[in-house]
Amino acid sequence: LAPSVKVVGVPSNHCRVRRGKAVQGGTLDDWGIEVIAQVADIAAVNPQAYEHVEFIVPNQHEEHVLLTLVGGKVLGVAHGHQKGSPAALAGWVKSTGRRGLAQADIVVVGHFHHLVVEAFGDMQWLFICPTNDNGSSWYTPSSGERSEPGILTFRVDERGWYALDPIWLGNVAEVA
């Protein structure tokens with residue numbers, strides 16, 4: 001239904017290939033990245049149906065991707081586990097001085113379970129997405145918090161982002 005679809009995946013602390021607690025391999029040794037590679041292989045079997053779909057993962061030894069959007073705005077995507085608190089993310093992005101992820105006008109991360117929208121740096125924006133799981137046996141007991149699952153949507157044009165619309169899913173675990 002869309003003329004162009006971009007499927008983006010970035011490495012995370014959740015899917016990193018490990019032996020016990022020891023990380024194995026490089027940044028792209030990640031089961032989430034592997035799933036995207038498999039879906040891309042499946043789509044490649046029928047290029048007529050899926051030629052409008054692009055699968056994007058970081059370059060080797062990187063943990064983020066950059067995409068140029070409508071109007072020339074740059075979107076940066078990372079998982080967010082690179083810092084231990086949401087309050088540290090904007091400073092981490094700014095610290096690279098508009099290199100790497102800091103080239104983005106809009107940075108989107110997950111990892112911290114709650115929606116946050118923050119202006120920072122050189123007229124840049126940080127979006128921390130709500131969780132999209134229906135309850136975590138790790139997060140709630142370790143943090144004492146419960147996060148509302150949701151999907152973050154917004155639109156972008158040459159002026160920037162607008163029409164922020166988180167779609168709250170309700171706690172599916174409680175509904176079931």
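See above for the structure.
Rules and cut-offs
Residues numbered from 1 in each chain as written. Predicted model: local features only at pLDDT ≥ 70, side-chain atom pairs only at ≥ 80, totals over all residues. Heavy atoms only, no water. Disulfide = S-S within 2.5 Å. Buried < 20%, exposed > 50% of the residue type's maximum accessible area, 1.4 Å probe, protein only. Pairing = 2+ DSSP bridges. Helix = DSSP H or I, 4+ residues; strand = E, 2+ residues; numbered from the N terminus. Axes fitted to C-alpha atoms, helices over the stretch in contact; angles between N-to-C directions. Polar contact = N/O pair within 3.5 Å; in protein donor to acceptor, adjacent residues only side chain to side chain. Patch = residues over 30% accessible without salt bridge, like charges linked within 9 Å, V, L, I, M, F, W, Y side chains within 5 Å. Areas by Shrake-Rupley, 256 points an atom, 1.4 Å probe, with all protein chains shown as cover. Salt bridge = Lys/Arg side-chain N within 4 Å of Asp/Glu carboxyl O.

Some words on the state of the cysteines
Here comes step 1: Inspection of every chain in the model, using the stated rule, returns zero disulfides.
Here comes step 2: There is no disulfide at Cys15, and the cysteine sulfur nearest it, in Cys129, is 16 Å away.
Here comes step 3: The partly exposed category is assigned to Cys15, whose relative accessible area is 28%.
Here comes step 4: What makes Cys129 buried here is its relative accessible area of 18%.

With respect to the sheet that holds strand β7 (residues 106–109)
Here comes step 1: In space, the five strands of this open sheet follow the order β5-β6-β7-β9-β8, with mixed pairing throughout. Either end of the sheet is taken by a strand with one partner, and the two such strands are β5 (64–68) and β8 (116–120). Across the sheet, the mean angle separating the axes of adjacent strands is 20° when strand polarity is ignored.
Here comes step 2: Across five bridges, the pairing between β8 and strand β9 (residues 124–128) is antiparallel. Bridging from a neighbouring strand, Ala119 pairs with Trp125 of β9.

Some details on the side chain of Asp105
Here comes step 1: Here Asp105 shows up in the loop between α3 (89–94) and β7.
Here comes step 2: A distance of 2.8 Å separates a polar atom in the side chain of Asp105 from the backbone nitrogen of Val74.

Comments concerning a nonpolar patch on the surface
Here comes step 1: Together, Ile151, Ile167 and Leu169 make up a nonpolar patch on the protein surface, roughly 250 Å² of accessible area in all.
Here comes step 2: With respect to the secondary-structure elements, Ile167 resides in strand β13 (residues 167–168).

All quantities given are derived from atomic positions and should not be read as evidence of function.
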